[in-house]
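Here is what each chain is made of, one letter per residue.
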Amino acid sequence: MSHYPRVEHIAIAVENLEAAISVYAAILGRLDSGRETVESEGVRIGFFDLGGARLELLEPLSEDSPVGRFLTRRGPGLHHLALEVDDIEAALERCRAAGLRTVGDAPRQGAGGRLVAFLHPEGTGGVLVELSQAPG
Ligand code: CO
């Protein structure tokens, strides 16, 4: 099967999740945001379905979580871009062969049972890139 890679989600770091949800609900004309807390990542997530991709708003659970440190250093803004891959191990091998660095242990279990891995922004045009493989 051949198909184009898909944006799985776009994640924005925010200081106040409820306020950010209100803003994006106004932009999108939708009120049906979902919410999820991922303790292992130290974030509370509000998300909107964009039709195959998700917009995720990330509020840190503490200042010393990854998103908390990001907010302290850089303020609110685009945090990462998640791209879906069929085979995350093969994708990581390609990325390492291309000289890219991974962040943390990779791959690991992410939200929704997905396998995820992160590529360091220094090699990707300044954007933290998440590779994401669907469960099963
Ligand atoms: Co993500």
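The following paragraphs examine the structure supplied in this document.

What counts, and where the lines are drawn
- Residues numbered from 1 in each chain as written.
- Predicted model: local features only at pLDDT ≥ 70, side-chain atom pairs only at ≥ 80, totals over all residues.
- Heavy atoms only, no water.
- Helix = DSSP H or I, 4+ residues; strand = E, 2+ residues; numbered from the N terminus.
- Rg over C-alpha atoms; globule rule 2.2 N^0.38 Å.
- Contact = heavy atoms within 4.5 Å.
- Buried < 20%, exposed > 50% of the residue type's maximum accessible area, 1.4 Å probe, protein only.
- Arc of directions from axis to C-beta.
- Polar contact = N/O pair within 3.5 Å; in protein donor to acceptor, adjacent residues only side chain to side chain.
- Phe/Tyr/Trp six-rings, centres within 6.5 Å; stacked < 30°, edge-to-face > 60°.
- Lys NZ or Arg CZ within 6 Å of the ring centre and 35° of its normal.
- Donors = N, O, S within 2.8 Å, 3.2 Å for Na, K, Ca; no water.

**Observations concerning the overall build of the chain**
- On a plain count of helices and strands, the chain comes out with 3 helices and 8 strands.
- Listing the helices and strands of the chain from first to last along the sequence gives β-α-β-β-β-α-β-α-β-β-β.
- Relative to the globule expectation of 14 Å for 136 residues, the C-alpha radius of gyration of the chain, 15 Å, shows essentially globular dimensions.
- Overall size of the chain, expressed as C-alpha extent along the three principal axes, is 40 × 35 × 25 Å.
- The long-range fraction of contacts in the chain, counting pairs at least 24 apart against all pairs at least 6 apart in sequence, stands at 50%.

**Here's the deal with helix 3 (residues 88-97)**
- All of the buried residues along helix 3 are Ile88, Ala91, Leu92 and Cys95. Mapping the buried residues of helix 3 onto a view down its axis gives an arc of 100°, with all of them on the same face. Relative to its buried face, helix 3 has exposed residues pointing more than 90 degrees away, namely Glu93, Arg94 and Ala97.
- Buried residues along helix 3 sit in contact with strand 6 (102-109), strand 7 (115-119) and strand 8 (128-133).
- In this structure Asp87 caps helix 3, since a side-chain oxygen of it lies 3.2 Å from the backbone nitrogen of Glu89.

**Some thoughts on the packing of aromatic side chains**
- One pass over the structure, following the stated rule, counts 0 aromatic pairs.
- Positioned over the ring face of Phe47 is Arg54, at 3.8 Å from the centre of the ring.

**Observations concerning the coordination of the cobalt ion**
- The protein atoms that coordinate the cobalt ion are His9 (NE2), His80 (NE2) and Glu130 (OE), at distances of 2.0 to 2.1 Å.
- Mapping the donors of the cobalt ion onto the primary sequence yields the spacing H-x70-H-x49-E. With His80 in strand 5 (residues 77-84) and Glu130 in strand 8, this pair connects stretches of sequence that are 50 residues apart. The same class applies to His80 as to Glu130, namely buried.

This is a description of form; function is not addressed.
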